[in-house]
Amino acid sequence: MNSYSNNTKNNIQMKKQDYHTSITVDATAHEAFNCINSVTKWWTENLEGSSQKLDNEFTVRFGDVHYSKQKLVEVVPDKKVVWLVTDSKLNFIKDKKEWTNTKISFEILTQNNKTQVHFTHIGLVPEIECFDACSNAWSEYIQGSLLKLINTGKGQPTRKENKTKDKSKTVKE
């Protein structure tokens, strides 16, 4: 009986494997917090709105492939930032709204004179279609661009699109 309930519990936990990654940096929690909130310096320069304070809202676009709108729903200076995805349109999958109502969480901890950033996209689980592509992209942005921004002051965000040159790359809503 115990092994059955343990297996059932493990299966339930396995089905709820939100995407998670962590980085450790040689910076203060305050520096990491400021970098996380500087979304255009590590994720994408294609941002409208603000990503600094509680209740701020911002949208990001990656050509005609990805649009999402985030709202800062939890902000604890130097410790935690949580975005609620209030709208999304992912044109590379069947359910284009897969990100809508998911949460993107950054938790900041200091241990042994190092700062750890724990990133979790709550709701980005293996059972959904964009899991592989989205988790790979998040790995690049968090373990690459955000890490570099915090450690060196220069991230590698997706560059601003020039909408006047190629109108085919703008998102039609």
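The present account deals with the structure reproduced in this document. Only a predicted model underlies this, so the values are computations on that prediction, with no experimental measurement involved.

### Quick look at unusual backbone geometry
- The phi dihedral of D55 falls on the positive side, at around 75°, and the residue is not glycine.
- For D55, the location among the structural elements is in the loop between strand 2 (47–49) and strand 3 (57–62).
- Of note in the backbone geometry, N113 takes a positive phi value of approximately 60° without being a glycine.
- Mapped onto the elements, N113 comes out in the loop between strand 6 (103–111) and strand 7 (114–122).
- Assessed through its relative accessible area of 78%, N113 is described here as exposed.

### Some words on the packing of aromatic side chains
- Counted according to the given criterion, the structure contains 13 aromatic pairs.
- Geometrically, the ring pair formed by W42 and W43 is stacked, given 6.2 Å between the ring centres and 20° between the ring planes.
- Pairing W43 with F62 gives two aromatic rings, centres 5.8 Å apart and planes at 50°, and the pair type is tilted. With a gap of 19 residues between them, W43 in the loop between helix 2 (29–37) and strand 2 and F62 in strand 3 connect regions that are remote in the sequence.
- Judged by its relative accessible area of 2%, W43 falls in the buried class.

The rules we used
Residues numbered from 1 in each chain as written. Predicted model: local features only at pLDDT ≥ 70, side-chain atom pairs only at ≥ 80, totals over all residues. Heavy atoms only, no water. Helix = DSSP H or I, 4+ residues; strand = E, 2+ residues; numbered from the N terminus. Buried < 20%, exposed > 50% of the residue type's maximum accessible area, 1.4 Å probe, protein only. Phe/Tyr/Trp six-rings, centres within 6.5 Å; stacked < 30°, edge-to-face > 60°.

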